[in-house]
Amino acid sequence: VRPFQIPQSWKIDRGYDYGSANPAAYLLFAESDGNEFMDGRTGRAIWYPKGSIAIIGEVYLADKQGRGLRLSPVQQAQRILRYEIENGYRGRVHAGPADKSIFAKEPGRPSIAEEMAGEGVEFVPSDKNPGTRVIGVSLYRQRLIAGMMSPIEDPCIIVFSTCPHTIRTV
């Protein structure tokens, strides 16, 4: 969908898949509170069912051949922070899920998550308990289908047109 102004009442989370030699991907997710609102940019009324998820931003760290940029965790966090500031989301974004591997520590060294948190970009460990991937894929599919219905009646997932790597991947 065309980007719209996210209401203050919507919660915004970040998600992250770390990569250095492989691509890294950072996404911003906004969750609808179920209330209709006027888009301040276009003046049009917008409504999505409560619990709908909008993927509203991305930072994809890869070269044109799809290889990672070999950036340090601090450099990646700085790019993420710059994106949030430039797009007016800084201060509204909550720590969202990242792969548990970034929380692993080596003796005498901070974890990747700690290095990124030092730059002001925080995450929480993703839930990878048995069965969570199956449940997650099922919910994702249900929301994709709901988003294709007209009218939309159930919680859906939408992706801003400004997220080309997410669109390509989905």
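Calculation rules
- Throughout this description, residue numbers start from 1 for each chain and increase along the sequence as written.
- Local features in a predicted model are, by the rule used here, given only for residues with pLDDT of at least 70; side-chain atom pairs are given and counted only at 80 or more, and totals for whole chains, interfaces and linings are based on all residues.
- Side-chain metrics in this entry use all non-hydrogen atoms of the structure; hydrogen atoms and water are not considered.
- Comment: elements are numbered from the N terminus, with helices defined as DSSP H or I runs of at least four residues and strands as E runs of at least two.
- Contact between two residues is taken to exist if any of their heavy atoms lie within 4.5 Å; hydrogens are not considered.
- Only buried residues count toward a nonpolar core. Its members are Ala, Val, Leu, Ile, Met, Phe, Trp, Tyr and Cys residues joined through side-chain atoms within 4.5 Å.
- Categorising residues by exposure relies on relative accessible area from a 1.4 Å probe, with only protein chains included: less than 20% of the type maximum marks a residue as buried, more than 50% marks it as exposed, and the intermediate range marks it as partly exposed.
- Put simply, the grid is 1 Å and covers the protein atoms alone, a cavity is a trapped set of points that fit a 1.4 Å probe, a pocket is an open set with protein on both sides within 12 Å along at least five of seven lines, and lining residues have an atom within 4 Å of a point.
- Grid points are joined across faces, edges and corners, and a volume is the space filled by probe spheres set on the points.
- Under the grouping applied here, Gly and all other residues not named as nonpolar or charged are polar, the nonpolar ones being Ala, Val, Leu, Ile, Met, Phe, Trp, Tyr, Cys and Pro and the charged ones Asp, Glu, Lys and Arg.

1. Considerations on the environment of Val59
Mapping Val59 onto the fold places it in strand E5 (residues 53-61). Between the C-alpha atom of Val59 and that of Leu27, which follows or precedes it by 32 residues, the distance is 6.6 Å. The residues contacting Val59, other than those within four sequence positions of it, are Ala24, Ala25, Tyr26 and Tyr83.

2. A short note on the nonpolar core
Among the nonpolar cores identified, the biggest contains 40 residues, and Phe4, Ile6, Tyr16 and Ile56 are the most heavily contacted of them. Contributions of two or more residues to this core are made by strand E1 (11-17), strand E2 (24-31), E5, helix H1 (73-86), helix H2 (112-117) and strand E9 (157-159). Among the elements that line this core, the one with the most residues is E5, at 6 residues.

3. Some words on the layout of surface pockets
Each pocket or cavity is described by its volume, and for the largest pocket that value is around 1,500 Å³. When residues of the lining of the largest pocket are traced back to their parent elements, those giving at least two are E1, E2, E5, strand E7 (96-98), helix H3 (132-148) and helix H4 (164-169). With 8 residues, the single largest contributor to the lining of the largest pocket is H3. Considering only residue class, the lining of the largest pocket consists of 17 nonpolar, 7 polar and 10 charged.

Purely spatial values, then, with no claim about function.
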